[in-house]
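What the coordinates show
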Amino acid sequence: MAIDKRFIGREYGPFTYTIGAEKLREFTLAVGGAHPAAGTPGEPPAHVSPLLYDDQAAKAGPYGDLIAFPSFAVVFAIRPFATAVADPELNLNLLMLVHGEQELEFLDVMRPGDVMTTTGRISDAYEKAGKQFLIATTESRNQRGDLVVKGTWTAVIRG
Amino acid sequence: MARSFQVGDTFTHVRECDVYRPIFYAGASGDFNPIHIDPEVGKVAGLDGVILQGLCTLGWAVEAVAVFVGDPGRIRKVKVRFSRPVRPEDTVTFAGRVTAIEAGRLTTEVTATNQRGEAVLKGAVVEASIG
């Protein structure tokens, strides 16, 4: 059943998220291939930049502090999209839902202590080749009101 | 540290999705959708077991370019289409090529292919500042 076009434009948020240094480390090492042990995020693999997990190296580096691995943004910026696809009024079959496409734009780095506020909206919904597509766009701003991350999220509902 | 980049430069990055990676990524990212952590749910969903979060594969494409330019803080944009799931014990090879350099920004096209030669991402483009 096609997603009702009247849901286009529906807004979700704002959602607020405070970035913590240990969460950044955990994320960067999980993506980087570390094997977590009890209570630790694991040893950093050689290809992972110390700017992402080593306080001293990061403080001596170009940003003066740890920075987030860029796609860490999904941890908080996904909220409007996740809320939209689970919106009971849309009545989507979440078991048949897959993440089809993703676009992220980074206008600045993210640092520990940054407070990110994300808003989003359903920007399109259509049917193609027997599948339903739901597109959400998001904007995440830091505590100074600067736009830091823009996202375009595409869900595909199979069958 | 000055480094010059040219259109046509290429790079590769190989990542293995070990058996626990979807669970590690779930914990780190908060994406606990059961299709990533519960094989029975994956089977019911017609996926033949669990699949890796597409956003982890996106992260690896970003990582490939971050390693190439030498600084993850320079990544400015990523765009991907998830064309095929990555499964535990898959090995994914990311192959990138610089397609444009303009105004201090480098554009790369990145392919991501599993060990059977199947594309897991399509049309992946990653941009980084080099200014």
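Note that the structure is predicted; figures quoted are calculated from it, not measured.

As a further point, take the overall build of chain A. The helix and strand tally for chain A stands at four helices and five strands. Scanning chain A from its N terminus toward the C terminus, one meets helices and strands in the order β-α-α-α-α-β-β-β-β. Considering only C-alpha atoms, chain A reaches an extent of 55 × 35 × 25 Å along its principal axes. Put simply, chain A has 159 residues, and 47% of those count as buried. The contacts in chain A between residues at least 6 apart in sequence include a share of 65% that link residues at least 24 apart. Surface accessibility of chain A: about 7200 Å² in total, with carbon and sulfur atoms responsible for 52%. If you average the places of the 15 positive and of the 19 negative side-chain charges in chain A, the two averages end up 4 Å apart.

Moving on, we come to the sheet that holds strand 1 (residues 10-16) of chain B. Strand order in this open sheet of 10 strands is 1(A)-3(A)-4(A)-5(A)-2(A)-2(B)-5(B)-4(B)-3(B)-1(B), and the pairing throughout is antiparallel. Each end of this open sheet is capped by a strand with a single partner; those strands are strand 1 (11-18) of chain A together with strand 1 of chain B. In this sheet, adjacent strand axes meet at a mean angle of 20 degrees when their direction is disregarded. Pairing geometry for strand 3 (residues 91-102) of chain B and strand 4 (residues 105-113) of chain B, over nine bridges, is antiparallel. The partner of Gly96 of chain B across the bridge, within strand 4 of chain B, is Val110 of chain B.

Moving on, we get to helix 1 (residues 21-29) of chain B. With respect to burial, helix 1 of chain B is a largely interior element, seven of its nine residues being buried. Buried residues of helix 1 of chain B: Arg21, Pro22, Phe24, Tyr25, Ala26, Ala28 and Ser29 of chain B, and no others. Elements that come into contact with the buried residues of helix 1 of chain B comprise helix 1 (21-32) and helix 3 (74-77) of chain A together with helix 2 (34-37) and helix 4 (54-69) of chain B. Of the residues trailing helix 1 of chain B, Gly30 of chain B is marked for its positive phi of about 90 degrees.

With numbering aligned to this structure, UniProt lists the feature "domain: FAS1-like dehydratase" (unreviewed entry) at residues 7-149 of chain A. In residues 7-149 of chain A, the share of helix is 20% and the share of strand is 32%. The end C-alpha atoms are 24 Å apart.

Now for the interface of chain B and chain A. Taken together, the contacts link 33 residues of chain B with 37 residues of chain A. Here chain B packs against chain A, burying approximately 3000 Å² in sum over the two surfaces, 62% of which is carbon and sulfur. Considering only the surface of chain B that becomes buried against chain A, Ala28, Leu55 and Pro72 of chain B emerge as the three largest contributors, covering 18% of it. Applying the counting criterion to the chain B and chain A interface returns two salt bridges. Of the charged contacts in the structure, one is a salt bridge between Lys77 of chain B and Glu103 of chain A, with a shortest N-O distance of 3.6 Å. One can count 16 residue pairs in polar contact (both at pLDDT 80 or more) joining chain B with chain A. Those elements giving two or more residues to the side of chain B that touches chain A turn out to be strand 1, helix 1, helix 3 (39-44), helix 4 and strand 2 (75-82) of chain B. Looking at which element gives the most residues to the side of chain B that touches chain A, the answer is strand 2 of chain B, with eight residues.

This part covers the side chain of Arg15 of chain B. Along the chain, the position of Arg15 of chain B falls in strand 1. Judged by its relative accessible area of 5%, Arg15 of chain B is buried. Of note is the side chain of Arg15 of chain B, whose polar atom sits 3.1 Å from the backbone oxygen of Gly32 of chain A.

When the UniProt feature table is mapped onto this chain, "domain: MaoC-like" (unreviewed entry) is found at residues 24-115 of chain B. As annotated, residues 24-115 of chain B has a helix share of 35% and a strand share of 32%, and its two end C-alpha atoms lie 22 Å apart.

Membership of the largest hydrophobic core comes to 77 residues, with the highest contact counts inside it found for Leu134 of chain A together with Phe94 and Leu121 of chain B. In terms of residue count, helix 4 of chain B provides more of this core than any other element does, 11 residues in total.

To continue, consider a nonpolar patch on the surface. On the surface, a cluster of nonpolar side chains totalling about 470 Å² of accessible area is made up of Val19, Tyr20, Ile23, Phe32 and Ile37 of chain B. For Ile37 of chain B, the location among the structural elements is in helix 2.

A regular strand places its side chains on the two faces of the sheet in alternate fashion. Residues and elements named next belong to chain A. The buried fraction of strand 5 (residues 147-157) amounts to eight of the 11 residues, a majority that puts the element mostly inside the structure. Examined bridge by bridge, strand 2 (residues 97-106) and strand 5 share nine bridges and lie antiparallel to one another. Residue pairing for strand 5: Leu97 is matched across the bridge by Ile157. Inspection of the sheet shows strand 4 (residues 131-141) paired to strand 5 by 10 bridges, in the antiparallel sense. Counterpart to Ile135 in the pairing with strand 5 is Thr154. Counting the residues between successive antiparallel strands, the hairpin from strand 4 to strand 5 contains five residues, one of them, Gly145, with a positive phi of roughly 85 degrees.

Further remarks concern helix 1 of chain A. Its 12 residues give helix 1 of chain A an end-to-end C-alpha distance of 16 Å, which sits within 8% of 16 Å, the value for a rise of 1.5 Å per residue. Summarising the contacts, the buried residues of helix 1 of chain A are in contact with helix 2 (55-60) and helix 3 of chain A together with strand 1, helix 1 and helix 4 of chain B. Following helix 1 of chain A by one or two positions, Gly33 of chain A has its phi on the positive side, about 110 degrees.

Rules of the game
- Residues numbered from 1 in each chain as written.
- Chains lettered and ligands numbered in written order.
- Predicted model: local features only at pLDDT ≥ 70, side-chain atom pairs only at ≥ 80, totals over all residues.
- Heavy atoms only, no water.
- Helix = DSSP H or I, 4+ residues; strand = E, 2+ residues; numbered from the N terminus.
- Buried < 20%, exposed > 50% of the residue type's maximum accessible area, 1.4 Å probe, protein only.
- Contact = heavy atoms within 4.5 Å.
- Areas by Shrake-Rupley, 256 points an atom, 1.4 Å probe, with all protein chains shown as cover.
- Lys, Arg positive; Asp, Glu negative; His and termini not counted.
- Charge placed at Lys NZ, Arg CZ, Asp CG, Glu CD.
- Pairing = 2+ DSSP bridges.
- Axes fitted to C-alpha atoms, helices over the stretch in contact; angles between N-to-C directions.
- UniProt positions renumbered as here; feature names shortened; annotations may be inferred.
- Buried area = accessible area lost by both parts, 1.4 Å probe.
- Salt bridge = Lys/Arg side-chain N within 4 Å of Asp/Glu carboxyl O.
- Polar contact = N/O pair within 3.5 Å; in protein donor to acceptor, adjacent residues only side chain to side chain.
- Core = buried A, V, L, I, M, F, W, Y, C linked by side-chain atoms within 4.5 Å.
- Patch = residues over 30% accessible without salt bridge, like charges linked within 9 Å, V, L, I, M, F, W, Y side chains within 5 Å.
- Expected span 1.5 Å × (residues − 1).

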